[in-house]
Amino acid sequence: MRVQRTGVSLAAPHTSTKPDWLDTIIKGDCVAALEKLPANSVDLVFADPPYNLQLGGDLHRPDQSKVDACDDHWDQFASFQAYDAFTRAWLMAVKRVLKPNGSLWVIGSYHNIFRVGAILQDLGYWINNDVVWLKTNPMPNFRGKRFTNAHETLIWATPSQDAKPTFNYDAMKTFNDDVQMRSDWVLPLCTGHERLKDENGDKVHPTQKPESLLYRVLLSTSNQGDVILDPFFGTGTTGAVAKKLGRHFVGVEREDAYIKAASERIDRVTPANDDFLQMTKGKRAQPRVPFGNLLEAGLLKPGTELQDARGRYKATVRADGSLICGEHSGSIHKVGALVQGQQACNGWTFWHIKRGKSLEPVDALRDIVRSNMPR
């Protein structure tokens, strides 16, 4: 581990010539520390800010043992107004360093997430989703005066409504057994061997997040080699998962004990091999190939006959890439829709061509064109 003026430098994946703040923990207040980063330098931010829990007195279990609740000084604010001012300041600092198409994730509870969401919108951020983390093992409500708090809320936002953030839709669908990933994530709290303990066996941090939660955030909305910022770094869950997944990170943290624990934790992480970090990509992520390219490549000729999979309709290819089928003419999509009496049609999968004794969708020819494109 190498100590720099800006913080603690850590071994990182995919090393090359890079700025000295990359893959480091910067010690200090998050607003002041972020001034050290260039504008538009970060691809994704995961923020786990103080929740301002407003706890009133000690909490005990039925056996009278004291609950180790989050009552640290960094989670205490004099008023809602003070918390709002703090929130506005760090969100403005984050917006400066976030790339125009970057993503911001903020996690919170009912104590703070609604205030954070309103300030996000006031500052011009655009909210894409709220995600509910349903805890499989929540702490019981020992006083029996309210429902057990069994979830936390994450807000996924972008710097503006016009932003085009990374969203690895196909990868997350594959991750979820080929079913669309929903916005309710059922995951356990951080427990067992994952929970960092000090020499006395006490928790290093009261609100350490599980790596499974950060795994979904980074897998869904970032890419290999991206820069991930966590302005409330704590024990370094964001950095550990970023390193595992081949992302770079930068963390900001004030407490020496947390910096030490995070540094040692991340040093122990071995990144996955580059070959296994490739993401599943759907058709929408592939290069666009117009139908006319098939004629240019000689894969089709004017006069070639196409038909649907069941042989009900036949159409002829013309030199400009249009089809003619009886009284209908136009693109592969338009003619496919017209012959079926439908509003729309995916002509690439509807129209087929005879190749030997079999029928293949013309989409197979598009794949041939793509395979010859420069990478």
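Cut-off values and rules
- Along each chain, numbering runs from 1 in the same order as the chain's sequence is written.
- Whole-chain, interface and lining totals are the exception, using all residues; otherwise, since this is a predicted model, local features are given only for residues with pLDDT of at least 70 and side-chain atom pairs are given and counted only at 80 or more.
- Hydrogen atoms and water are omitted, and side-chain values are computed over all heavy atoms in the structure.
- UniProt positions are given in the numbering used here, feature names are shortened, and annotations may be inferred rather than shown by experiment.
- Note on conventions: DSSP H or I runs of at least 4 residues are helices, E runs of at least 2 residues are strands, and numbering of each starts at the N terminus.
- Working definition: with a 1.4 Å probe on protein chains only, accessible area under 20% of the residue-type maximum means buried, over 50% means exposed, and in between means partly exposed.
- Working rule for contacts: check all heavy atoms of both residues, and any pair within 4.5 Å makes them a contact.
- Here the open area of atoms and residues is found with the Shrake-Rupley method and a 1.4 Å probe, where only the protein chains shown may cover a residue.
- In this description, a nonpolar core means a group of buried Ala, Val, Leu, Ile, Met, Phe, Trp, Tyr and Cys residues linked to one another through side-chain atoms lying within 4.5 Å.

- As annotated in an unreviewed UniProt entry, the chain is Methyltransferase from Pseudovibrio exalbescens.
- Reading the Catalytic activity (unreviewed entry) entry of the UniProt record for the chain gives the comment "a 2'-deoxyadenosine in DNA + S-adenosyl-L-methionine = an N(6)-methyl-2'-deoxyadenosine in DNA + S-adenosyl-L-homocysteine + H(+)".
- Within the UniProt record for the chain, the comment given under Sequence similarities (unreviewed entry) is "Belongs to the N(4)/N(6)-methyltransferase family."

Quick look at the overall build of the chain
- Looking only at helices and strands, the chain has 11 helices and 16 strands in total.
- The proportion of buried residues among the 375 residues of the chain is 45%.
- Within the chain, counting contacts between residues at least 6 apart in sequence, those at least 24 apart form 67% of the total.
- Carbon and sulfur atoms provide 50% of the accessible area of the chain, an area that totals close to 19600 Å².

Considerations on the nonpolar core
- Counting 33 residues, the largest nonpolar core has Leu 37, Trp 90, Leu 104 and Leu 229 as the members making the most contacts within it.
- The set of elements that each furnish at least two residues to this core consists of helix 1 (30-34), strand 4 (42-47), helix 2 (80-97), strand 5 (98-108), helix 3 (113-122), strand 7 (151-158), strand 9 (227-230) and strand 10 (248-253).
- With seven residues, helix 2 is the largest single contributor of residues to this core.
- Setting aside residues no more than four positions away along its own chain, Leu 37 makes contact with Trp 21, Ile 26, Val 42, Arg 96, Val 97, Leu 229 and Val 250.
- Of all hydrophobic cores here, the second largest spans 29 residues; its members include Ile 25, Val 217, Val 241 and Phe 249.

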